[in-house]
Amino acid sequence: MNLKGRNFITLKDYSPEEIGYLLDLAADLKAKKKQGITGNSLKGKNIALIFEKPSTRTRCSFVVAAVDEGAHPEYLGKDDIQLGHKESVEDTARVLGRVFDGIEFRGFKHKTVEDLAKYAGVPVWNGLTDDYHPTQILADLLTMKEHFGYLKGLRFVYAGDGRNNMANSLMIGMSKMGVHFTILAPKSLWPNDKLVELCQGYAGESGSTITLTEDTDAVKDADTIYTDVWCSMGEEDKAAQRIALLKPYQVNKDLMEKTGKDTTIFMHCLPAVKGNEVTEDVFESGASVVFDEAENRMHTIKAVMVATLGE
């Protein structure tokens, strides 16, 4: 499958077959790395890593993945370049596109990554925006596939803030890959109707379902329960209000037991605020695969770079 030169901005742009290809490639690259084999498909390439928001997993994953495949990654923090301040995004994109072979962007406005992709002339990868977090979803899908051996037909429940970038991206990825997807959240935090409608179309094609509910009984038979922080970066002022609103949707022992299965796994994109969206005992339990997910960020990001830029 040829994805050479493609941007990776949202999973809306990728077919289920293309997503499957990236997961297979990531699994292969991961197996090789475990045997001490790294590649040189990015040898001689220079990669710009633009970060408006700080990051642990995304930054470390892009750096290690690039170096493993022979590329030079250059970190550009918000004070290192003029992006959108003294210089327009379009002009910055055209400059960076002439100097670098690929560009990662992690920041606030989704339009910024779209403009970079439009003007840079080299592959642009979304490391997170206010709307979407597609590299995380690849890591989540790989983790589920490793754990269960398959994706199609699994039952997935996302509990918490149902209209943030994680809920949006998970709904897209799961519906495309045939995973039954439920958002368990107060109605005021349900995702945008237009996106739900789009994902219902994907679900129709893949044979899965999408459910939005406020009822915690919806976790019955869930294979995966997933949550994220109750306040996204930049929303800290809403903390008290959010905690009150979302407390009934905390992933705790009771909620995990409500699935009626002892095989249900717990997932979180991290960092976690233990005691809010998840209790310490669930986070540290045998059901938790959060650190497999964290590691898989690197293998899946490597797959995206190799597929879109590698020789």
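In short, a report on the structure. (Residues numbered from 1 in each chain as written. Predicted model: local features only at pLDDT ≥ 70, side-chain atom pairs only at ≥ 80, totals over all residues. Heavy atoms only, no water.)

## Observations regarding the overall build of the protein chain
Logical step 1: Broken down by element type, the protein chain carries eleven helices and nine strands.
Logical step 2: In terms of overall size, the protein chain behaves like a compact globule, its C-alpha atoms giving a radius of gyration of 19 Å where 311 residues would be expected to give roughly 19 Å.
Logical step 3: Counting across all 311 residues of the protein chain, residues that qualify as buried make up 57%.
Logical step 4: Considering only residue pairs separated by 6 or more positions, the protein chain has 75% of its internal contacts joining residues 24 or more positions apart.
Logical step 5: Surface exposure of the protein chain reaches about 13100 Å², of which carbon and sulfur atoms provide 49%.
Logical step 6: Once the 37 positive and 46 negative side-chain charges of the protein chain are each reduced to a mean point, those two points are 3 Å apart. (Helix = DSSP H or I, 4+ residues; strand = E, 2+ residues; numbered from the N terminus. Rg over C-alpha atoms; globule rule 2.2 N^0.38 Å. Buried < 20%, exposed > 50% of the residue type's maximum accessible area, 1.4 Å probe, protein only. Contact = heavy atoms within 4.5 Å. Areas by Shrake-Rupley, 256 points an atom, 1.4 Å probe, with all protein chains shown as cover. Lys, Arg positive; Asp, Glu negative; His and termini not counted. Charge placed at Lys NZ, Arg CZ, Asp CG, Glu CD.)

## A closer look at the pairing of strand β8 (residues 224-227)
Logical step 1: Here β8 shows a buried face lined by Thr224 and Tyr226 and a second buried face lined by Ile225 and Thr227.
Logical step 2: One ladder, built from four bridges, connects β8 with strand β9 (residues 265-268); its direction is parallel. Within β9, the position partnered with Tyr226 by the bridge is Met267. (Pairing = 2+ DSSP bridges.)

## Section: the sheet that holds β8
Logical step 1: Strand order in this open sheet of five strands is β7-β6-β5-β8-β9, and the pairing throughout is parallel. This sheet does not close on itself; its edge strands, each paired only once, are β7 (210-213) and β9. Strand-to-strand twist of the sheet, defined as the mean angle between neighbouring strand axes without regard to direction, takes the value 20°.
Logical step 2: In this sheet, β8 lies alongside strand β5 (residues 155-159) in parallel orientation, the contact comprising four bridges. Paired with Val157 across the strands is Ile225, a residue of β8.
Logical step 3: Sheet contacts for helix α5 (residues 134-148): β5, β8 and β9; angle to β9, the most-contacted strand, approximately 165°. (Axes fitted to C-alpha atoms, helices over the stretch in contact; angles between N-to-C directions.)

## Overview of the packing of aromatic side chains
Logical step 1: Counted by the stated rule, this structure contains seven aromatic pairs.
Logical step 2: Ring plane angle 35° and centroid distance 5.6 Å describe the contact between Phe156 and Tyr226, whose orientation is recorded as tilted. Here Phe156 is found in strand β5, whereas its partner Tyr226 is found in strand β8, with 70 residues between them in sequence. Tyr226 matches Phe156 in its accessibility class, with the two residues each being buried.
Logical step 3: Aromatic ring contacts, followed pair by pair, group Phe156, Tyr158, Phe181 and Tyr226 into a single cluster.
Logical step 4: In this structure, Arg6 packs its charged tip against the face of Tyr14, placed 4.3 Å from the ring centre. (Phe/Tyr/Trp six-rings, centres within 6.5 Å; stacked < 30°, edge-to-face > 60°. Lys NZ or Arg CZ within 6 Å of the ring centre and 35° of its normal.)

## Observations concerning helix α2 (residues 57-68)
A turn of α-helix holds 3.6 residues, and therefore any two residues three or four places apart point the same way.
Logical step 1: Compared with an ideal rise of 1.5 Å per residue, which puts twelve residues at 16 Å, α2 spans 16 Å between its outermost C-alpha atoms and is within 8% of the ideal.
Logical step 2: If you check which residues of α2 are buried, you get Arg57, Thr58, Ser61, Phe62, Ala65, Ala66 and Asp68. Projected onto a plane normal to the axis of α2, the buried residues spread over an arc of 160° and lie on a single side.
Logical step 3: Among the residues trailing α2, Gly70 stands out with phi positive, at a value near 95°. (Expected span 1.5 Å × (residues − 1). Arc of directions from axis to C-beta.)

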